[in-house]
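Notes for the structure review
Letter by letter, the chains look like this.
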Number of protein chains: 2
Amino acid sequence: MTGPRELRVFEDFVHARGLRMTAERRAICEEIFEQHSHLDAGALLGALRRRRVPVSRATVYRNLDLLVECGLVRRQRLGSGRTLYEHVHAGQEHDHLVCESCGRVVEFVSPGIVALRAEICRAHGFEPQPHGLQILGLCRACAAATKESAHA
Amino acid sequence: MTGPRELRVFEDFVHARGLRMTAERRAICEEIFEQHSHLDAGALLGALRRRRVPVSRATVYRNLDLLVECGLVRRQRLGSGRTLYEHVHAGQEHDHLVCESCGRVVEFVSPGIVALRAEICRAHGFEPQPHGLQILGLCRACAAATKESAHA
DNA sequence: GTGTCTGCAAAGACTTTGCAGTTCC
DNA sequence: GGAACTGCAAAGTCTTTGCAGACAC
C-alpha cells in the first residue's frame, strides 16, 4: 500500500486546475486507493457509505472523471458492459481476463500477446490502447456451475 | 450471401421450441443476415423501419435473444459498453479490434493470439469464450483527429 | 465574497417487463 | 379457440446534467 502519496498528487492536480479540495474529493481518492484494483461507481459509493462518508452518487461520478483526467485512475469497460475503475499502479503493462458470468477480473502479463497485438494493430492501422486487450471467458467456478446446470 | 437458409434454420428452431413464426420474426432474421456483421438493436430497428417494416423496439430485443439462443447470432459487448449483434457465419474463428473513439469494429484472425489466450486461460483456470478476445485502440482516422486536437 | 462544489431530482440512453389486444396454428 | 406474439408504456439500470444552496479559498 502506498499511503497518502496519491492524495497529494490529486490535490496538486486539483489546485493546478484552479479547482478546490473538498472532504468528498479526499474521501473518494483515498477509498479508491484502498480498494482492490477493480470496482465500479456503485461499489465505490457503497464502500464510502459503509464508512459513514455521506457522499452522493453524482459526486462519485464527477470525481471519478476527475481522477481519470489526472491519470491516477483508469476507466475500463470490461466484459458485459460493466464500467470499472482501477487505480493506476506503477508496474508492468497488464491486460485483463474477465469472467463473463460472475464478472471476476484477473490481471495478466503476457509479452507475447503484447507483441502480437502490436502486429495486428499495425496491420489494420490501429493504435493500441494501453491495457486495452481483454479476454472473456468463464472462471473455474462458473464453468463448473454451467456444466452442472446443463446436466440437470 | 447465403440467402434464406438461415431463415429456415430459424423457423425450424422456433417450431422445435413450440413457438410460432411471425412476419416480425422473419423480417428481423432476414434483416440481420443482410446487414454487415456488427450492429446494435437500435440500428437493426432503424434498418427495419427504413424498409417500412413496422416493428417495435421490444420485439427487436425479444427476437434478438431468440436468435442468440438458436445460435444464428452472437451477442458481443464491444468497446465502450456497446452491445452489438453479429450474425454467425461459417469461417475462421476471429476476434475483434475496436476503435474506442468511433466504435468501428474490425475482425481479425490470429492463430498466435489464440494459442497465447489458451495458455493464459489455462494458467488462471479460465475457459476461453469463442470470439471473446478484443483489442481496443484508435483507428487511423480517430488517432489523427486526436493528435490534431492536441495541437490546437 | 465569488466561483466551485455538492446533493437532489430529473433527464437520458439502453434494455427489460407487464398488460391488453392480436395472430398463428 | 387457445397459447404465443406484438405494441405500448412503464419500470429498471447506469450515467449525466440543471439547479439551488453550501463551502473552499
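The structure reproduced in this document is the subject of the present report. Just so you know, these numbers come straight off a predicted model, no measurement behind them. (Residues numbered from 1 in each chain as written. Chains lettered and ligands numbered in written order. Predicted model: local features only at pLDDT ≥ 70, side-chain atom pairs only at ≥ 80, totals over all residues. Heavy atoms only, no water.)

Take the sheet that holds strand β3 (residues 82-87) of chain B next. Residues and elements named next belong to chain B. Spatially, three strands are ordered β1-β3-β2 in an open sheet, and the strand pairing comes out antiparallel. In this open sheet, the two strands that pair with only one neighbour each are β1 (38-39) and β2 (73-78). Pairing geometry for β2 and β3, over six bridges, is antiparallel. The residue of β3 that forms the bridge with R77 is T83. With respect to the sheet, helix α4 (residues 57-69) is in contact with β2 and β3, its orientation differing from that of β2 by roughly 110°. (Pairing = 2+ DSSP bridges. Helix = DSSP H or I, 4+ residues; strand = E, 2+ residues; numbered from the N terminus. Contact = heavy atoms within 4.5 Å. Axes fitted to C-alpha atoms, helices over the stretch in contact; angles between N-to-C directions.)

Taken together, 20 residues surround DNA strand C, and among them R20, R25, S56 and T59 of chain A together with Y61 of chain B come closest. Near the protein, meaning within 4 Å, the atoms of DNA strand C are sugar or phosphate in a fraction of 67%, with bases accounting for the rest. Residue M21 of chain B places a main-chain N or O atom 3.1 Å away from a phosphate oxygen belonging to DNA strand C. R62 of chain B is positioned with one of its side-chain polar atoms (N or O) 3.4 Å from a base oxygen of DNA strand C. (Near = heavy atom within 4 Å. Polar contact = N/O pair within 3.5 Å; in protein donor to acceptor, adjacent residues only side chain to side chain.)

What follows deals with the relation of the copies chain A and chain B. Two chain copies here: they are related by a rotation about an axis and a translation along the same axis. Once chain A has been moved 0.0 Å along the axis and rotated by 180°, it coincides with chain B to within an RMSD of 0.1 Å. Within this description, the copies of the chain are treated as partners about a two-fold rotation axis. For chain A, the smallest separation between a C-alpha atom and the rotation axis is recorded for G81 of chain A, amounting to 2.2 Å. When the interface residues of chain A are mapped onto chain B, 100% of them are again interface residues, pointing to one common binding face. (Least-squares fit on C-alpha atoms with pLDDT ≥ 70 in both.)

All names here are of chain A. One can describe the packing of helix α1 (residues 5-16) onto helix α2 (residues 23-34) by two numbers: an axis separation of 10 Å at closest approach and a directional angle of 140°. With respect to their mutual orientation, α1 and α2 come out oblique. Considering how the two elements wind past one another, α1 and α2 form a crossing that is right-handed. Contacts between α1 and α2 pair E6, L7, F10, E11 and V14 from the former with R25, R26, C29, E30 and F33 from the latter. Residue composition of the contact of α1 with α2, by class: five nonpolar, no polar and five charged. (Parallel < 35°, antiparallel > 145°, perpendicular 65-115°, else oblique. Left-handed = near helix turned anticlockwise from the far one by under 90°. Nonpolar A, V, L, I, M, F, W, Y, C, P; charged D, E, K, R; others polar.)

We now examine the interface of chain A and chain B. At the junction of the two partners, chain A supplies 36 residues and chain B supplies 36 residues. With both chains or domains summed, chain A and chain B bury close to 3,000 Å², and 66% of this area falls on carbon and sulfur atoms. Our count for the chain A to chain B interface comes out at one salt bridge. Here E127 of chain A makes a salt bridge to K147 of chain B, at a shortest N to O gap of 3.2 Å. On the surface where chain A and chain B come into contact, there are ten residue pairs in polar contact (both at pLDDT 80 or more). Elements with a contribution of two residues or more to the side of chain A that touches chain B: β4 (95-99), β5 (105-108), α5 (111-124), β6 (127-138) and α6 (140-151) of chain A. At ten residues, the largest contribution of residues to the side of chain A that touches chain B is made by β6 of chain A. Looking at chain direction, β6 of chain A and strand β6 (residues 127-138) of chain B are connected through seven bridges and run antiparallel. Looking at the pairing, I135 of chain A lines up with L133 of chain B of β6 of chain B. (Buried area = accessible area lost by both parts, 1.4 Å probe. Salt bridge = Lys/Arg side-chain N within 4 Å of Asp/Glu carboxyl O.)

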